[in-house]
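Architecture and fold: a report
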Amino acid sequence: MEDSKKMAFSQNTWWLSIMSFLNDVSSEMIQPVLPFFLISVLSLSKGDVGLIEGLAAAVTSFFLWYSGVWSDRVHARKKIVVFGYTLSAFTKPLFGVVMTPWQAALLRVLDRSGKGLRDTPRDALISESTDRAHRGGSFGLNRAFDMLGRVIGSLLVLYILRVLPVSAETYRFIFKISFFPAIIGVVLIILFVRDRPAAR
């Protein structure tokens, strides 16, 4: 009866949800403008952009599976989560300095590889950090923070595009500042998230 009156989220759940928020603020600053950057600045065709996105999605799917299996074997989920988020964080500002299509394609694949590496062990860590009575609520909290980050990131990039001229320099500026919320989240995970003991 006591448990039914309160919703107890673990420390890992809170901090991983905050990371999801910050990372999605960063990602949604890039997502709306990246196709325009690739087409108008790097002179890719729409078909080329679709090919890059398809390749990135395929890589994401592979690493979603592989990182889950890997984290089960080594049971060091935090390290894989940190690596995945760090990889994505450092690829985002590099879009601001790319000069060729193949560089942009490589960065996009690396960015999505980071997502594939982190998502499955992150969800496993949330599950392991939460008792069964609150597991659904914990995942709901994480997804809610994730969605809020998408909204805030989209609004931020919309504001920037309203106050600055739409140009290659503005796109590159957006890519560079998107680094900061992502790397802040990585630091928070390193400091406050803990692996759970391996289950028997």
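Just above, that's the structure.
These remarks concern the structure in this document.

What counts and what doesn't
- Residues numbered from 1 in each chain as written.
- Predicted model: local features only at pLDDT ≥ 70, side-chain atom pairs only at ≥ 80, totals over all residues.
- Heavy atoms only, no water.
- Core = buried A, V, L, I, M, F, W, Y, C linked by side-chain atoms within 4.5 Å.
- Buried < 20%, exposed > 50% of the residue type's maximum accessible area, 1.4 Å probe, protein only.
- Helix = DSSP H or I, 4+ residues; strand = E, 2+ residues; numbered from the N terminus.
- Contact = heavy atoms within 4.5 Å.
- Salt bridge = Lys/Arg side-chain N within 4 Å of Asp/Glu carboxyl O.
- Axes fitted to C-alpha atoms, helices over the stretch in contact; angles between N-to-C directions.
- Parallel < 35°, antiparallel > 145°, perpendicular 65-115°, else oblique.
- Left-handed = near helix turned anticlockwise from the far one by under 90°.
- Nonpolar A, V, L, I, M, F, W, Y, C, P; charged D, E, K, R; others polar.
- Phe/Tyr/Trp six-rings, centres within 6.5 Å; stacked < 30°, edge-to-face > 60°.

Side chains that are nonpolar tend, in soluble globular proteins, to be buried together. Among the nonpolar cores identified, the biggest contains 21 residues, and L34, F37, L38, L42 and F175 are the most heavily contacted of them. Breaking this core down by element, the ones donating at least two residues are α1 (11-30), α2 (34-40), α3 (46-74), α5 (101-128), α6 (135-163) and α7 (168-177). Ignoring sequence-local partners within four residues, the contact set of L42 consists of F37, V98, M99, T100, P101 and A104.

Below, the discussion takes up the pattern of salt bridges. Applying the stated criterion across every chain, the model contains 13 salt bridges. Close ionic contact of R150 with D24 constitutes a salt bridge, the shortest N to O distance being 3.0 Å. Here D24 lies in helix α1 and R150 lies in helix α6, a separation of 126 residues in the sequence. Here R150 falls in the partly exposed class, since its relative accessible area comes to 34%.

With that out of the way, let us pick up the packing of α5 against α6. Viewed as axis vectors pointing N to C, α5 and α6 meet at an angle of 140°, and their least axial separation amounts to 9 Å. As the angle between them shows, α5 and α6 are arranged oblique. The handedness of the crossing between α5 and α6 comes out as right-handed. Two secondary-structure elements touch here, α5 through R122, D123, I126 and S127 and α6 through R135, S138, F139, N142 and R143. Its residues assigned to classes, the contact of α5 with α6 comprises 2 nonpolar, 3 polar and 4 charged.

It is worth spelling out the packing of aromatic side chains at this point. As enumerated under the stated definition, the model contains 13 aromatic pairs in all. With centroids separated by 5.1 Å and ring planes inclined at 85°, the aromatic side chains of F37 and F175 adopt a geometry described as edge-to-face. Of the two residues, F37 is situated in helix α2 and F175 in helix α7; the sequence distance between them amounts to 138 residues. Each of the two residues, F37 as well as F175, counts as buried. Where F62 meets W65, the ring centres are 5.8 Å apart and the plane angle is 55°; that geometry is what we call tilted. Residue F62 and its partner W65 are both found in helix α3; the two are separated by 3 residues, about one turn of the helix. Looking at F62, the relative accessible area reads 42%, which means it is partly exposed.

Turning our eyes to something else, we now look at the packing of α3 against α5. When two helices pack together, their arrangement is given by the angle between the helix axes and the distance between those axes. Remark: α3 packs on α5, axes separated minimally by 7 Å, with the N-to-C direction vectors making an angle of 30°. Relative to α5, α3 is oriented roughly parallel. The way α3 lies across α5 gives a crossing that is right-handed. Each of I52, E53, L55, A56, V59, T60, F63, L64, S67, G68, W70 and S71 in α3 lies in contact with α5, whose residues at this interface are A105, R108, V109, R112, S113, K115, G116, L117, D119, T120 and P121. Broken down by class, the residue content of the contact of α3 with α5 amounts to 11 nonpolar, 7 polar and 5 charged.

So, about unusual backbone geometry. Phi at S43 is positive, roughly 65°, even though this residue is not glycine. Structurally, S43 is set in the loop between α2 and α3. The residue H75 is not glycine, and still its phi comes out positive at about 45°. With respect to the helices, strands and loops of the structure, H75 is situated in the loop between α3 and α4 (77-94).

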